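Each chain is listed here by its residues.
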Amino acid sequence: MKGPATPDFRSGEEDPTPHPAPHPAPQEVAARLKALARGEGFDPVGITLPSPSRHSGFLRGWVEEGRHGTMDYLARPDALERRGDPRRSLPVARSALVVAHEYFQEDPEGVPGDPSRGVIARYARGRDYHRVVKKGLDRVHRGLEEELGRSVAGRSYVDTGPLLERELGERAGLGWFGRNTMLIHPRRGSYFFLGVLLLELEAEVDEPLGRDHCGSCRACLDACPTGALLGRDADGAPVMDATLCISYLTIENRGPIPRELRPLMGNRVYGCDICQEVCPFNVKFAEEAVESGYAARGPGERPVGVEASGPAGPGSESAAPLHPGTDAPSLVDLLSMALSEEGWESFSRGSAIRRAGRAGFARNVCVALGNWLSGKEEPPSEAVRVLAAALSDPESLVRGHAAWALGRISSAAARSALERRASVEEDPWVRSEIISALEESTPTRK
Ligand code: B12
Ligand code: SF4
Ligand code: SF4
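Rules of the game
- Residues numbered from 1 in each chain as written.
- Chains lettered and ligands numbered in written order.
- Predicted model: local features only at pLDDT ≥ 70, side-chain atom pairs only at ≥ 80, totals over all residues.
- Heavy atoms only, no water.
- Helix = DSSP H or I, 4+ residues; strand = E, 2+ residues; numbered from the N terminus.
- Expected span 1.5 Å × (residues − 1).
- Buried < 20%, exposed > 50% of the residue type's maximum accessible area, 1.4 Å probe, protein only.
- Near = heavy atom within 4 Å.
- Polar contact = N/O pair within 3.5 Å; in protein donor to acceptor, adjacent residues only side chain to side chain.
- Nonpolar A, V, L, I, M, F, W, Y, C, P; charged D, E, K, R; others polar.
- Arc of directions from axis to C-beta.
- Contact = heavy atoms within 4.5 Å.
- Salt bridge = Lys/Arg side-chain N within 4 Å of Asp/Glu carboxyl O.
- Pairing = 2+ DSSP bridges.
- Axes fitted to C-alpha atoms, helices over the stretch in contact; angles between N-to-C directions.

S.K.: Give a description of helix 13 (residues 357-373) that names residues and reports values.
M.R.: Taking 1.5 Å per residue as the helical rise, helix 13 with its 17 residues ought to reach 24 Å, and the 24 Å between its terminal C-alpha atoms agrees with that figure. With respect to burial, helix 13 is a largely interior element, 16 of its 17 residues being buried.

S.K.: Residues and numbers for the site of ligand 1, please.
M.R.: Near ligand 1 there are 39 residues, and of these Glu165, Asn180, Thr181, Leu194 and Ser247 occur at the shortest range. In this structure, a nitrogen atom belonging to ligand 1 sits 2.9 Å away from a side-chain N or O atom of arginine 166. One of the side-chain N or O atoms of glutamate 167 is found 3.3 Å from an oxygen atom in ligand 1. Classifying every residue of the shell around ligand 1 gives 23 nonpolar, 8 polar and 8 charged.

S.K.: Explain helix 2 (residues 56-64) to me, and be specific about the residues and the numbers.
M.R.: Structural remark: α-helix, 3.6 residues per turn; residues separated by three or four positions point the same way. If you check which residues of helix 2 are buried, you get Leu59, Trp62 and Val63. Viewed end-on, helix 2 has its buried residues packed into an arc of 95 degrees, placing them on one side of the element. Away from the buried face of helix 2 by more than 90 degrees, exposed residues Gly57 and Glu64 are located. Where the residues of helix 2 are buried, they touch helix 3 (72-75), helix 4 (77-83) and strand 9 (238-240). Once helix 2 ends, the next one or two residues include glycine 66, with phi positive near 80 degrees.

S.K.: With reference to specific residues and values, describe the pattern of salt bridges.
M.R.: By the definition in use, this model includes 33 salt bridges. For aspartate 107, the salt bridge identified is with arginine 125, shortest N-O distance 2.7 Å. Note that aspartate 107 is positioned in the loop between strand 2 (95-102) and strand 3 (119-120) and arginine 125 in the loop between strand 3 and helix 5 (129-148), a separation of 18 residues in sequence. The partly exposed category is assigned to aspartate 107, whose relative accessible area is 22%. Given the relative accessible area of 1%, arginine 125 is considered buried. A salt bridge links glutamate 252 to arginine 355; the shortest N-O distance between them is 2.8 Å. Of this pair, glutamate 252 sits in helix 8 (residues 246-252) while arginine 355 sits in the loop between helix 12 (341-348) and helix 13, and the two are 103 residues apart along the sequence. Looking at glutamate 252, the relative accessible area reads 16%, which means it is buried.

S.K.: Could you give an account of the environment of serine 340, with specific residues and numbers?
M.R.: With respect to the helices, strands and loops of the structure, serine 340 is situated in the loop between helix 11 (331-338) and helix 12. Overall, the relative accessible area of 28% leaves serine 340 in the partly exposed class. Note: C-alpha distance between serine 340 and leucine 406 (66 residues apart in sequence) is 20 Å. Here glycine 343 takes part through its backbone nitrogen, which lies 2.7 Å from a polar atom of the side chain of serine 340.

S.K.: So what about the site of ligand 3? Which residues, and what values?
M.R.: All residues in the neighbourhood of ligand 3 are listed as Gly178, Arg179, Asn180, Ile184, Cys214, Cys217, Ala219, Cys220, Cys279, Pro280 and Phe281. Sorting the residues of the shell around ligand 3 by element identifies helix 7 (219-223) and helix 10 (280-285) as the ones contributing at least two each. Looking at side-chain class alone, the shell around ligand 3 contains 8 nonpolar, 2 polar and 1 charged residues.

S.K.: Describe in detail the environment of aspartate 114, supporting the description with residues and values.
M.R.: With respect to the element layout, aspartate 114 can be found in the loop between strand 2 and strand 3. Along the sequence, aspartate 114 and serine 330 sit 216 residues apart, while their C-alpha atoms lie 9.5 Å from each other.

S.K.: Please set out the environment of glutamate 170 residue by residue, giving values where relevant.
M.R.: As for its placement among the helices and strands, glutamate 170 is situated in helix 6 (residues 165-171). With relative accessibility at 14%, the residue glutamate 170 sits in the buried group. For the pair formed by glutamate 170 and leucine 183, sequence separation is 13 residues and the distance between their alpha carbons is 7.1 Å. Dropping the residues within four chain positions of it, glutamate 170 is found in contact with Arg54, Gly175, Trp176, Phe177, Leu183, Pro208 and Leu209.

S.K.: Account for the side chain of asparagine 371, naming residues and giving values.
M.R.: Tracing the backbone shows asparagine 371 in helix 13. By relative accessible area, asparagine 371 is classed as buried at 16%. Of note is the side chain of asparagine 371, whose polar atom sits 3.3 Å from the side chain of arginine 408. Dropping the residues within four chain positions of it, asparagine 371 is found in contact with Arg262, Pro263, Met265, Gly266, Trp404 and Arg408.

S.K.: Explain the sheet that holds strand 1 (residues 45-48) residue by residue, including any values.
M.R.: Across the sheet, 4 strands lie side by side as 1-2-7-4; this open sheet has antiparallel pairing. At either margin of the open sheet sits one strand with a lone partner, and together these are strand 1 and strand 4 (154-157). Pairwise comparison of adjacent strand axes, ignoring direction, gives a mean angle of 20 degrees for this sheet. For strand 4 and strand 7 (residues 192-199), the ladder comprises 4 bridges, and the chain directions are antiparallel. Paired with tyrosine 157 across the two strands is valine 196, which belongs to strand 7.

Geometric descriptors of this kind do not, in isolation, establish any biological role.
As structure tokens, this is what we get:
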């Protein structure tokens, strides 16, 4: 029996079976990746091997000491394993592209100097960076596949998986570990997000900077209001006690803020930039970010690129704004917004701020109000009114912090709001906050 005719390719007949394109040279992959990444606005960019972490022992010790607080996603055994080795996330990975996306913006007039206004950390004033950076990385990935004419296995991460992003960034030459634990670039500073694209293709790697540029500077350690930065350990690793960090307390922490730390937060209602603001590398090199999506927004506005959900949503001509902006918002307006689900939904849509949750954010604003009002001779009545309203919030977390804030005010109105709530409050922790607040408050003014 005669089999099917065998095609003779040497004769020029076309091969019907698709053949994978040959492996491109590592130098070519690196050059293409970097050009594509820069085209997306990422800068600096670098490449490293997805090899095991040199510092997973440090991470384990840090977690064992409880420095991570309640961030259980850092401490789970499987997550520790995966953080220690990027190939646990993508076994075929042979290279890691690490990109920086800058987000610096000047503080709007009013913050941080005016204690009646809330300070939102720069990184969270505009559009959620996870989406912005991830979309950019995915476009780089697709662009590489198009240019090479083949599919390339890969996965992108922006604080979205168990990778030690700063360590990968350090290895890819994007910066060094500052005493404030940030990855700092010697001519750009540290106001940048990191994103990582793991790829199956080999790519030429970059050299780490290999030098700590902090020298004898200790500005961040001296400026941190809560003493969260503990300096370098015997091996030179910068150590933070995250349970003391305002960023942790206002974003990741789901429970009450320890009483002794509340006064140290000032008017920081979401995240904290202090240890970056004082860093000489930011003072000298930080420049307004090119990415417009990260810009602060005014009352009723959504982050650039985020669509409104309904026809009469905030920002539309017909409706009054449901929420304040992220540019020096008044604390009273912030708390009024956060006491309503609708206001919170509108304010946090498309923003990284959503991570704190409504109750967590309201908690933070109550603390900032308490810090502002404790120094006031005549507390503004609208501030006392909104805190009194927060005493009836469905979440005990909000009620307890509102009680603390009212206890910092020496007015009869604050005291009577506390007394009224004391007669109906059933939650034991909130009751204890009300009792302490009543002990602390002295009714001298109306
Ligand atoms: C958990 C977390 C936090 C926690 C803990 C922060 C911390 N310092 O660990 C909290 C909530 C406090 C936090 C705060 C902030 N965060 Co954060 N956070 C993370 C997250 C998810 C994990 C970090 C982590 O693993 N921490 C555990 C510690 C042990 O790891 P590490 O900091 O990488 O520590 C390394 C060094 O100690 C080093 N090391 C060990 N031994 C040795 C020895 C020597 C000699 C040396 C030099 C180094 C060294 O190895 C360790 C492991 O890599 C990352 C995203 C990610 N997946 O990586 C973002 C990330 C680190 N955060 C980021 C940002 C922007 C912030 C804030 C600025 C936000 C804000 N404005 O409020 C603040 C900054 C506070 C600060 N000073 O760090 C960026 C940082 C970008 C940059 N330029 O560095 C990241 C990378 C997110 C992103 N994708 O952009 N964050
Ligand atoms: S982010 Fe703020 S609280 Fe946290 S370490 Fe830096 S200065 Fe301290
Ligand atoms: S403030 Fe000084 S010590 Fe801190 S990270 Fe910057 S250069 Fe290093």
